[in-house]
Amino acid sequence: MTTPPTHQRIVTVRAFTQRFSSTRLGARLARHLALHQLESWGIPHSSSTSSSVAVLVAELAANAVTHGRVAGRDFELRLTWTPETLRIEVSDTRGERCIPGPGEASLPAPDSETGRGLVLVEALADRWAVIDRVPVGKTVRVELDLPA
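This is a predicted model, so every value here is computed, not measured.

Chemist: Mind showing me how you'd approach the nonpolar core here?
Modeler: Most often, soluble globular proteins have nonpolar side chains that are buried together. Residues Phe75, Leu77, Ile88 and Val142 are the most contacted members of the largest nonpolar core, which totals 32 residues. Looking at this core, the elements that each hand over two or more residues are strand 1 (14–20), helix 1 (24–40), helix 2 (48–66), strand 2 (75–81), strand 3 (85–92), helix 3 (117–124) and strand 5 (138–145). It is helix 2 that provides the largest number of residues to this core, a total of 8 residues.

Chemist: Please explain the environment of Ile43 as it appears in this structure.
Modeler: Assignment of secondary structure puts Ile43 in the loop between helix 1 and helix 2. Given the relative accessible area of 10%, Ile43 is considered buried. Sequence separation between Ile43 and Leu146 is 103 residues, and the spatial gap between their C-alpha atoms is 10.0 Å. Beyond its immediate chain neighbours, meaning those up to four positions away, Ile43 contacts Leu38, Thr49, Ser50 and Trp81.

Chemist: How should the pattern of salt bridges be read in this particular structure?
Modeler: Applying the stated criterion to the full structure yields 7 salt bridges. One salt bridge connects Glu89 with Arg78, and the closest N-O pair in it is separated by 4.0 Å. Of this pair, Glu89 sits in strand 3 while Arg78 is found in strand 2, placing the two residues 11 residues apart along the sequence. Glu89 sits in the buried class, given a relative accessible area of 10%. One continuous salt-bridge network, built from bridges that share partners, spans Arg87, Arg127, Glu143 and Asp145.

Chemist: Help me out: how do you make sense of the sheet that holds strand 2 in this one?
Modeler: Across a sheet, strands are paired by hydrogen bonds formed along the backbone, either parallel or antiparallel in direction. Read from one edge of the open sheet, 5 strands run 1-2-3-5-4, paired in antiparallel fashion. Two strands in the sheet have a free side with no partner beyond their single neighbour: strand 1 and strand 4 (127–132). Within this sheet the neighbouring strands show an average axis-to-axis angle of 15°, counted without direction. As paired elements, strand 3 and strand 5 share 8 bridges and run antiparallel to each other. Residue pairing for strand 5: Ser91 is matched across the bridge by Thr139. Those strands touched by helix 2 are strand 2, strand 3 and strand 5, and its axis lies near 15° from that of strand 3.

The rules behind these values
- The numbers attached to residues start from 1 for each chain and follow its sequence in the written order.
- Note on the predicted model: pLDDT of at least 70 is required for a residue's local features to be given, and 80 or more for side-chain atom pairs to be given and counted; whole-chain, interface and lining totals, by contrast, use all residues.
- Hydrogens and water are ignored here; the side-chain numbers use all heavy atoms of the structure.
- What makes a nonpolar core is a set of buried Ala, Val, Leu, Ile, Met, Phe, Trp, Tyr and Cys residues whose side-chain atoms join them at distances within 4.5 Å.
- Burial status follows relative accessibility: with a 1.4 Å probe on protein chains alone, a residue under 20% of its type maximum counts as buried, one over 50% as exposed, and anything between as partly exposed.
- Each helix is a run of H or I in the DSSP string that is no shorter than four residues. Each strand is a run of E no shorter than two, and both are numbered from the N terminus.
- Residue contacts follow a heavy-atom distance rule, with two residues in contact if any of their heavy atoms lie within 4.5 Å.
- For this document, the term salt bridge refers to a Lys or Arg side-chain nitrogen within 4 Å of an Asp or Glu carboxyl oxygen.
- Two strands make a pair as long as DSSP finds a minimum of two bridges between them.
- With axes taken as lines fitted to C-alpha atoms, and helix axes fitted only over the stretch in contact, angles between N-to-C directions fall between 0 and 180 degrees.

Here it is as structure tokens:
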């Protein structure tokens, strides 16, 4: 006797991974290419998702370049799209430099010119985490729930 077939939902997963030089130009290019990739996946440039991704990639790439830079080493951007979720991962090679995790970011003094990046990440992301990167470094992973 055979078991009746089960219906499995087919899920499309799309991924984009690119390494960039740990420079301001590399961070800028990461943001531009992320938005271009979203457009190719059918997420319009003018959408709220695209706007959130632009801010998130800009902040995470700037942090990787500013605080996670190791001379001669790149940072990496990875985007993963499913119909329900968009995941952004930015990895650098400086593992000994810890950053605050979810719920730990605090606002800087009002006259400070820096220190608001992770507060923006906290506000825009549905979920985020800081994870160890093997063999060396750390990854900041951000997830956005996509509209149905």
